[in-house]
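Single-letter residue listing:
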Amino acid sequence: MNLSWLEDFLALAASGNFSRAAQERHMTQPAFSRRIRALEEWLGVALFDRSTHPVSLTETGDWFRTTAQEILGRVARVPDEARAVAAAGSATLRFAATHALSLTFLPQWLRGLESRTTIGPIQLVSDMLQQCEAWMQQGRVQFLLCHTHAQAPGRLDAPAYRSLKIGTDTLVPVCAPDRAGRPRQALSANARKAVPMLAYSAESGLGRLVRALLGPALQQARVEPVFTAHLAAVLKSMALDGRGVAWLPLSMVETELHQKRLVQAGDASWRLAADIRLFRPDAALAPAAEAFWRAVLAAHEQ
């Protein structure tokens, strides 16, 4: 049986017309008819009722349409599954990390692990949290590093995934200082005028935390978005330029706060504590990835 016969069969089942189906399959009608007949002979059943116009599927043909679609779909998935099997045996660790953590936390964290255990090659992809979660769900990465909070659940907070808290961070509202060193845009519970906010996009994990934990307070304080971006690094640049208040990881702005290039725009009630967690599938990973996970567990249990 030739797999292309299945595609011929589905083309005829869709159109009910031998001439049109043959044209779609880029062949003459006699050649197309011979291939349909060869498929029927191989199966030992009639798939089409040729006494009707357009031709219609027999009861067996109707059943076989679903089977043909399943077979072709399975064949189409074989290359991806083969690559997945090959990747499973690879020593390369496949990581996804949000932009903010890939720039600051990840390098230092890996350096600390390397002092305890040998880590093989790492393939890192960095993007917004929503995309990183999608890569994990699609099986394209083995580990995901991101900020989390119990009040802002993500797509991986499910039995199919495991996670480990490997650090903490704080989102701090910052803005540029005025000439006296005070916040150029100050936060207040009962602000008299609107406070410009440099906001994260809906796909951002940090934006998810800010919206979940500060939503009502932001409205009361008359905080209004004037600029929206995916990346914390972009919001940091805009804050340095005096464009508004941005909630940024303390790990990203410690230097600027020390140099007084940025100042905190509000008191401690506006700060958000966040966990840094490493996610993985609950299913078994490749030996190298499982060895890495055990090393992480050992390092953070001490």
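Here we summarise the structure given alongside this text. (Residues numbered from 1 in each chain as written. Predicted model: local features only at pLDDT ≥ 70, side-chain atom pairs only at ≥ 80, totals over all residues. Heavy atoms only, no water.)

Here we come to the packing of helix H1 (residues 3-15) against helix H3 (residues 29-43). Running from N to C, H1 and H3 cross one another at 110°; their axes reach a closest spacing of 9 Å. Comparing their axes, H3 and H1 come out roughly perpendicular. Contacts between H1 and H3 involve Ser4, Trp5, Leu6, Asp8, Phe9 and Leu12 from the first element and Phe32, Arg35, Ile36, Ala38, Leu39 and Trp42 from the second. Counted by class, the contact of H1 with H3 contains nine nonpolar, one polar and two charged residues. (Axes fitted to C-alpha atoms, helices over the stretch in contact; angles between N-to-C directions. Helix = DSSP H or I, 4+ residues; strand = E, 2+ residues; numbered from the N terminus. Parallel < 35°, antiparallel > 145°, perpendicular 65-115°, else oblique. Contact = heavy atoms within 4.5 Å. Nonpolar A, V, L, I, M, F, W, Y, C, P; charged D, E, K, R; others polar.)

The next subject is H3. Between the first and last C-alpha of H3 there are 21 Å, a value that for 15 residues agrees with the 21 Å anticipated at 1.5 Å per step. Among the residues trailing H3, Gly44 stands out with phi positive, at a value near 80°. (Expected span 1.5 Å × (residues − 1).)

The rolling of a water-molecule-sized probe over the atoms marks out the regions of remaining empty space. Under the defined criterion, the tally for this structure stands at one cavity of 30 Å³ or more. The calculated volume of the largest cavity comes to roughly 130 Å³. Of all the elements in the fold, those that place two or more residues in the lining of the largest cavity are helix H5 (99-103), strand S5 (143-148) and helix H8 (205-220). Here the lining of the largest cavity is built from residues that sort into eight nonpolar, six polar and one charged. (1 Å grid on protein atoms, 1.4 Å probe; cavity = no way out; pocket = protein on both sides within 12 Å on 5 of 7 lines; lining within 4 Å. Points joined across faces, edges and corners; volume = space filled by probe spheres on them.)

Tracing the chain through its elements places Glu133 in helix H7 (residues 129-137). Residue class for Glu133 comes out buried when judged on its relative accessible area of 3%. Sequence-distant contacts of Glu133, that is, excluding residues within four places in its chain, are made with Leu144, Gly154, Arg155, Leu156 and Arg208. (Buried < 20%, exposed > 50% of the residue type's maximum accessible area, 1.4 Å probe, protein only.)

Evaluated as defined, the whole model comprises 16 salt bridges. In this structure, the salt-bridge partner of Glu81 is Arg74, at a minimum N-O distance of 2.6 Å. Taking the relative accessible area as the measure of exposure, Glu81 reaches 33% and is therefore partly exposed. The class of Arg74 is partly exposed, set by a relative accessible area of 41%. Asp178 serves as the salt-bridge partner of Arg182, at 3.8 Å between the closest nitrogen and oxygen. Overall, Arg182 belongs to the exposed group, its relative accessible area being 53%. Overall, the relative accessible area of 28% leaves Asp178 in the partly exposed class. (Salt bridge = Lys/Arg side-chain N within 4 Å of Asp/Glu carboxyl O.)

The next thing to look at is the packing of aromatic side chains. Tallied over the full model, the rule gives 11 aromatic pairs. Centre to centre, the rings of Trp63 and Phe64 are 6.1 Å apart; their planes meet at 45°, and the pair counts as tilted. Given a relative accessible area of 5%, Phe64 falls into the buried group. Summarising the aromatic geometry, the rings of Phe95 and Phe292 are spaced 5.5 Å apart at their centres and angled 85° between planes, so their arrangement reads as edge-to-face. Taken as a pair, Phe95 in strand S3 (residues 93-98) and Phe292 in helix H11 (residues 287-301) lie far apart in primary sequence, 197 residues in all. Grouping residues by exposure puts Phe95 and Phe292 together as buried. Connected via pairs of aromatic rings, a cluster forms that spans Phe95, Phe105, Trp109, Phe143, Phe292 and Trp293. Between Arg280 and the ring centre of Trp293, over which it is positioned, the NZ or CZ distance is 5.4 Å. (Phe/Tyr/Trp six-rings, centres within 6.5 Å; stacked < 30°, edge-to-face > 60°. Lys NZ or Arg CZ within 6 Å of the ring centre and 35° of its normal.)

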